[in-house]
Amino acid sequence: MQTDTDEHWMQMAIDVARSKGSDPSTSPLGCVIVLGGRVIAAERNQTKELPDATAHAEMMAIRRACEQTGELELRGATLYSTLQPCGMCTMASIWSKVGRVVYGAGRNDVHPMYFEAKHVDTLGFIEDAYRDDIEIEGGCLRDACAELYYGPDADLNKEEQANL
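Residues numbered from 1 in each chain as written. Predicted model: local features only at pLDDT ≥ 70, side-chain atom pairs only at ≥ 80, totals over all residues. Heavy atoms only, no water.

1. A word on the nonpolar core
Step number 1: Counting residues in hydrophobic clusters, the biggest one holds 45 residues, and the most contacted among them are Ile-33, Leu-74, Leu-83 and Tyr-114.
Step number 2: Counting only elements with at least two residues in this core, the list comes to α1 (4-18), β1 (30-35), β2 (38-44), α2 (57-69), β3 (78-83), α3 (87-95), β4 (100-105) and α5 (142-146).
Step number 3: Excluding its chain neighbours within four sequence positions, the residues that come into contact with Leu-74 are Ile-33, Ile-40, Ile-62, Ala-65, Cys-66, Thr-69, Ser-96, Lys-97, Val-98 and Gly-99. (Core = buried A, V, L, I, M, F, W, Y, C linked by side-chain atoms within 4.5 Å. Buried < 20%, exposed > 50% of the residue type's maximum accessible area, 1.4 Å probe, protein only. Helix = DSSP H or I, 4+ residues; strand = E, 2+ residues; numbered from the N terminus. Contact = heavy atoms within 4.5 Å.)

2. With respect to the sheet that holds β2
Step number 1: Strands sit in the order β2-β1-β3-β4-β5 across an open sheet of five strands; the sheet is mixed. Two strands in the sheet have a free side with no partner beyond their single neighbour: β2 and β5 (135-137). Between one strand and the next, the sheet's axes are offset by a mean angle of 15°, whatever the strand orientation.
Step number 2: Both β4 and β5 contribute to a ladder of three bridges, which runs parallel. Residue pairing in the sheet places Val-102 in a bridge with Glu-137 of β5.
Step number 3: Strands in contact with α2 are β1, β2 and β3; relative to β2, the strand with the most contacts, it is inclined by about 145°. (Pairing = 2+ DSSP bridges. Axes fitted to C-alpha atoms, helices over the stretch in contact; angles between N-to-C directions.)

This is how it looks when you write it as structure tokens:
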């Protein structure tokens, strides 16, 4: 169940995403990880800058959170992402033992270029995960998050699209 506190942290994730700029072609994702009521990591997509295909906002935030806490596991932490996590980021959330994932826009709210070319149901994957103590909730500030990205029906040239 989402709360005003969830909206506060999601707004911070939106602000982190916007720190990269407002061009939807740059995949401006933002992620904030909160533990015990305080931010332990706030990161954005950095795939092009590093260059590193694994430098998604969630991956970067999980790395920073583990560095910050000095722990491999993030039990009790909540990960806030402006976009439904991809398969890689979902798996990282499971392995790092994040307790809860809250995302804004879902795959149906944005252009398909932001997800794997073939549908991978990350929500179903979490339900069938190795752990049964991870929660996932979508739609927190959905419209504000979706505004960061191209809409589902945007007419884009193939060259402009990632993952397709």
